[in-house]
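# Geometric and topological summary
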Amino acid sequence: MPSLKTLNRRWLFGGDELQVVSLVLIPVRVIQVLLTFMGSGNGTCFDAVGTIWLAVTVAYYCVCVLLDLATVYAASIGTPTSPRQLMPNIVRFKAAFMTPVIVVLCVASIYCCTFHCGGNIVYRLMIPLISLSQLGEVIATSCCLYTLRGRRLDDPHLGTLGQRRRLGTEYLESKWEKRCRFLCKCSGFFTCFLFGGNDSGEGNDFAMVARVLADYFEDDGSLDIVPSDVVAGMVCLRHVQKSDERIFREQRMLSAEARQNDRVISEQISDLQKQAFEDMTGDDAKKESKQPTPRTDLFEKDKTYWHRVANRDVLDPSNQDDRDVLEEAARFSRHALSIYTWMLYIFMHPITGVPKLCGVRCCRMKGCGSCCGGDGGGEGSDGEEGGTRHTGDVCCSLHATALLAQANLEESELAYAHFGNSIVENPYCIIIDHKWKSVVLSVRGTLSLEDCITDALTESVPLDECGRKWGFDGAGEYAHTGILTSAEWIRNDLDKHRTLEKLMKDSGAPHPDYRLRVTGHSLGAGCATFLALMLKREYPDLRCLPYSPPGGLVTMKTAKAVAPFTTSFVLNADIVPRLSVESMEKLRNDVLDLISRIKVSKMDVLKSAVLGSGGPDRLHIIDDILHPRDAVPDSEFKEQVKRFKDVQRKVKEDRGAPAVSLYPPGRIVHFIKTEEAKAYCGGCGKFCGGRDREYTPMWAHNDDFTEIQISPSMAFDHFPDRVCVSIEGVARSWDLDCEAGSLRAVGWGVG
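Summarised in this report is the structure supplied together with it.

What counts and how
Residues numbered from 1 in each chain as written. Predicted model: local features only at pLDDT ≥ 70, side-chain atom pairs only at ≥ 80, totals over all residues. Heavy atoms only, no water. Helix = DSSP H or I, 4+ residues; strand = E, 2+ residues; numbered from the N terminus. Buried < 20%, exposed > 50% of the residue type's maximum accessible area, 1.4 Å probe, protein only. Areas by Shrake-Rupley, 256 points an atom, 1.4 Å probe, with all protein chains shown as cover. Phe/Tyr/Trp six-rings, centres within 6.5 Å; stacked < 30°, edge-to-face > 60°. Lys NZ or Arg CZ within 6 Å of the ring centre and 35° of its normal. Expected span 1.5 Å × (residues − 1). Core = buried A, V, L, I, M, F, W, Y, C linked by side-chain atoms within 4.5 Å. Contact = heavy atoms within 4.5 Å. 1 Å grid on protein atoms, 1.4 Å probe; cavity = no way out; pocket = protein on both sides within 12 Å on 5 of 7 lines; lining within 4 Å. Points joined across faces, edges and corners; volume = space filled by probe spheres on them. Nonpolar A, V, L, I, M, F, W, Y, C, P; charged D, E, K, R; others polar. Pairing = 2+ DSSP bridges. Salt bridge = Lys/Arg side-chain N within 4 Å of Asp/Glu carboxyl O. Polar contact = N/O pair within 3.5 Å; in protein donor to acceptor, adjacent residues only side chain to side chain. Right-handed = clockwise from strand over helix to strand, strands pointing away.

Turning next to the overall build of the chain. Broken down by element type, the chain carries 25 helices and 14 strands. When the 751 residues of the chain are sorted by exposure, 48% land in the buried category. For the chain, the computed accessible surface area is about 35500 Å², with 60% contributed by carbon and sulfur atoms.

Moving on, we get to the packing of aromatic side chains. Using the criterion set out here, one finds eight aromatic pairs in the structure. When the centroid spacing of 5.3 Å and the interplanar angle of 20° are considered together, the rings of Trp-176 and Phe-217 count as stacked. Highlighted residues: Trp-176 in helix H6 (residues 161–190) and Phe-217 in helix H7 (residues 205–217), separated in sequence by 41 residues. Ring centres of Tyr-416 and Tyr-428 lie 5.8 Å apart, and the angle between their planes is 50°; on these two criteria the pair is classed as tilted. In this pair, Tyr-416 sits in strand E5 (residues 414–418) while Tyr-428 sits in strand E6 (residues 428–433), placing the two residues 12 residues apart along the sequence. Take Tyr-416 and Tyr-428: they sit in the same class, and that class is buried. Site record: aromatic cluster; members linked through ring pairs are Trp-176, Tyr-216 and Phe-217. When the ring centre of Tyr-216 is taken as reference, the NZ or CZ atom of Arg-588 above it lies at 4.8 Å.

Between the first and last C-alpha of helix H25 (residues 720–733) there are 20 Å, a value that for 14 residues agrees with the 20 Å anticipated at 1.5 Å per step. If you check which residues of H25 are buried, you get Pro-720, Asp-721, Arg-722, Val-723, Cys-724, Ser-726, Ile-727, Glu-728, Val-730 and Ala-731. Of the residues trailing H25, Asp-735 is marked for its positive phi of about 60°.

Glancing now at the nonpolar core. In this structure, Ile-430, Leu-516 and Phe-530 are the most contacted members of the largest nonpolar core, which totals 41 residues. It is helix H18 (residues 523–535) that provides the largest number of residues to this core, a total of nine residues. With sequence-adjacent residues up to four places away left out, Phe-530 is seen in contact with Ala-479, His-480, Ile-483, Leu-484, Ala-487, Leu-553 and Val-554. Membership of the second largest hydrophobic core comes to 39 residues, among which are Tyr-340, Leu-344, Tyr-547 and Val-730.

Further remarks concern empty space enclosed by the protein. Per the stated rule, a full pass over the model turns up five cavities of 30 Å³ or more. Considering the residues around the largest cavity, the lining is formed by Gly-551, Ser-580, Glu-582, Ser-583, Leu-662, Tyr-663, Pro-664, Asn-702, Phe-705 and Thr-706. Its residues assigned to classes, the lining of the largest cavity shows four nonpolar, five polar and one charged.

Strand order in this open sheet of three strands is E1-E2-E3, and the pairing throughout is antiparallel. If you trace the sheet from one side to the other, it starts and ends with strand E1 (3–6) and strand E3 (151–152), each paired once. Here E1 pairs with strand E2 (residues 9–14) via three bridges, running antiparallel. Bridging from a neighbouring strand, Ser-3 pairs with Gly-14 of E2.

Right, let's talk about the layout of surface pockets for a bit. In this structure, the second largest pocket encloses a volume near 790 Å³. Surrounding the second largest pocket, 25 residues form its lining, Leu-18, Val-21, Lys-94, Thr-141 and Leu-145 being those nearest its centre. Of all the secondary-structure elements, those providing two or more residues to the lining of the second largest pocket are E2, helix H1 (17–40), helix H2 (48–75), helix H3 (86–95) and helix H5 (121–147). Class assignment for the residues of the lining of the second largest pocket results in 17 nonpolar, three polar and five charged.

The final tally for this structure, using the stated rule, is 25 salt bridges. Between Asp-433 and Arg-331 there is a salt bridge, with the nearest N and O atoms lying 2.8 Å from each other. Here Asp-433 is found in strand E6, whereas its partner Arg-331 is found in helix H10 (residues 320–338), with 102 residues between them in sequence. Across the pair, Arg-331 and Asp-433 agree in class, each one buried.

Mapping His-480 onto the fold places it in strand E9 (residues 478–480). Looking at His-480, the relative accessible area reads 4%, which means it is buried. Polar contacts involving the side chain of His-480 include one to the main-chain amide nitrogen of Gly-482, which spans 3.2 Å. Here the side chain of His-480 touches Ile-483 through a polar contact of 3.1 Å, landing on its backbone nitrogen. If we ignore the near neighbours within four places in the chain, the residues touching His-480 are Thr-454, Asp-455, Leu-457, Thr-458, Glu-459, Val-461, Phe-530, Gly-552, Leu-553 and Leu-662.

Bringing the pairing of E5 into the picture now. Within E5, five of the five residues are buried, leaving the element largely enclosed by the surrounding structure. Alignment of strand E4 (residues 390–391) against E5, held across two bridges, turns out to be parallel. Paired with Thr-391 across the two strands is His-418, which belongs to E5. Following the chain from E4 across helix H13 (residues 398–407) to the adjacent parallel E5, one finds a crossover that is left-handed. One ladder, built from four bridges, connects E5 with E6; its direction is antiparallel.

Right, here's the structure in full:
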């Protein structure tokens, strides 16, 4: 519903949210009444003051229960787009009871100091407990109201559209910039700067982030919506997408059966034709029979995600090319995982992680004179094969130790590692994989607050100059600003240390016949793609393996241009390969349209998310909670959505930025979840590691990921450990070798 407007304020919540609060408070009130009677000794131990306290307290609780019941009733009628006329009056009446609560609390506190009831300690403890519960209620209510107070209805910044236009975009951008800086500082402080935050408050990078956010949420005062409305819209979108998915799976099954029948008939006809031809011309005229053409007419005109992917090809375990793709993916996913170092290693092994790292470090320290081993904090000396150089590591070389343990490598196989992190620089490492005769450049993905800022620098930047500098065709192409900047920093750092040249190209290089492979996950996958473009001229046989690459990375021409040497891998409903400015705008508009179509209360919509089932019943759920698309009744919110879209079009026109669509790079293998174990035993490792799930690898198109799929696993499917373990699981089911480590690895135990 629209935001609650009462007490001369436009609050940051609607009346619907008060229904949940009231349902929680009703049993709490009952418990408080019972404690009151227990503490009073049935009234036999009270004098006149105590009797008044008892009567006022019980009366207050009874009235509160009635008000809570009235709130539940008022919030259960209507739809999210229709205001509740009774709710402002109920809220004002509730607010009037705050003063009596404070008065009763003071009386109870004073009386408890002098009250003695026959020496019964139970009675003497109950009344202070009641007083504390009342005090906690007052404090919690005051804090919530202060946090969600919104703005005054007479605020000039919240007035007409003309007033907001006169403020200009600078006002909104400065406001968002302050919010972003404050959020980063608070996040860094409360995490003890474990995930960065020291470098996130400086520079002008927040200006671009603020500009993107200001444009995305700019409504010019026309949209009246609260966060719970967005949640309800997300639930409706989830129902619609799951309905499309069910249809896709049914049609996929029918299509597969039809193709199998066509193949059998075709083979039978082909055998008859072949035999007849051989009878006439002899064995010298044998020809290869033509395979039947797959049916591609299903959902050809539909634009939803599941309809687009209905006829994508599935990787075949009997096809050697597909086996090579999957084996390579399983092998180097562990290298992409390892650069996340000790934080992810302990996350994956919460109990045994620390002892394992300590044991590995002790083995490495044999014969070493110091805790840091001479290579922990700064740059070590250049050396022959086996010499390592670490920059930006912590005490005891913890990052490097976890990296080697995660990938099951020897110390000599880590040629170089940079662990420093800021908005510009990104951690990366160079690993020597003897088993696959490869030099692997692995770039870390998003882990720190600085990385989040880099991800949020989503404005498109031309690739013309970058293409001329590094020798690829970037004319007229665009890319993600933040990720391209990080990739350029890594490329310059590679030139500074010349590690690749020393390993592969210089005279006397130890591995001139090895192949360069560039890999990374998330943000690292995007950097790996740009690094592959920058290094392709010097290393023609280069291979790039991005895992869960960002969706808003490069334009379509570049995404297809890198396909001959780039294969990306996406796990199920992973949100990041679908994230782009365009997909986020589509998600926002879809959610707003669905909110305007809701015909039941918000609580009924949220119940459908918990109690609703899949299969054919989901179609009935959609019919029960949503108006048909062509029969949406007129409402104030519907008009607000129209004005909001007009404002968004005007914002884009004022910016004058080119309309650019960005996509994930290269050929794409999409692992779609086809089965999940019904029994679930819990545990962080089991939930985040992708176990008890079966995935089917399918070839996908770059434009298949332009729609964000609402799913409970949309965030967890992006976790690097789940991606790695899931791909390795599919590889094992194909009887492929995906054991981590090189030929000379000592087997430190990945676990």
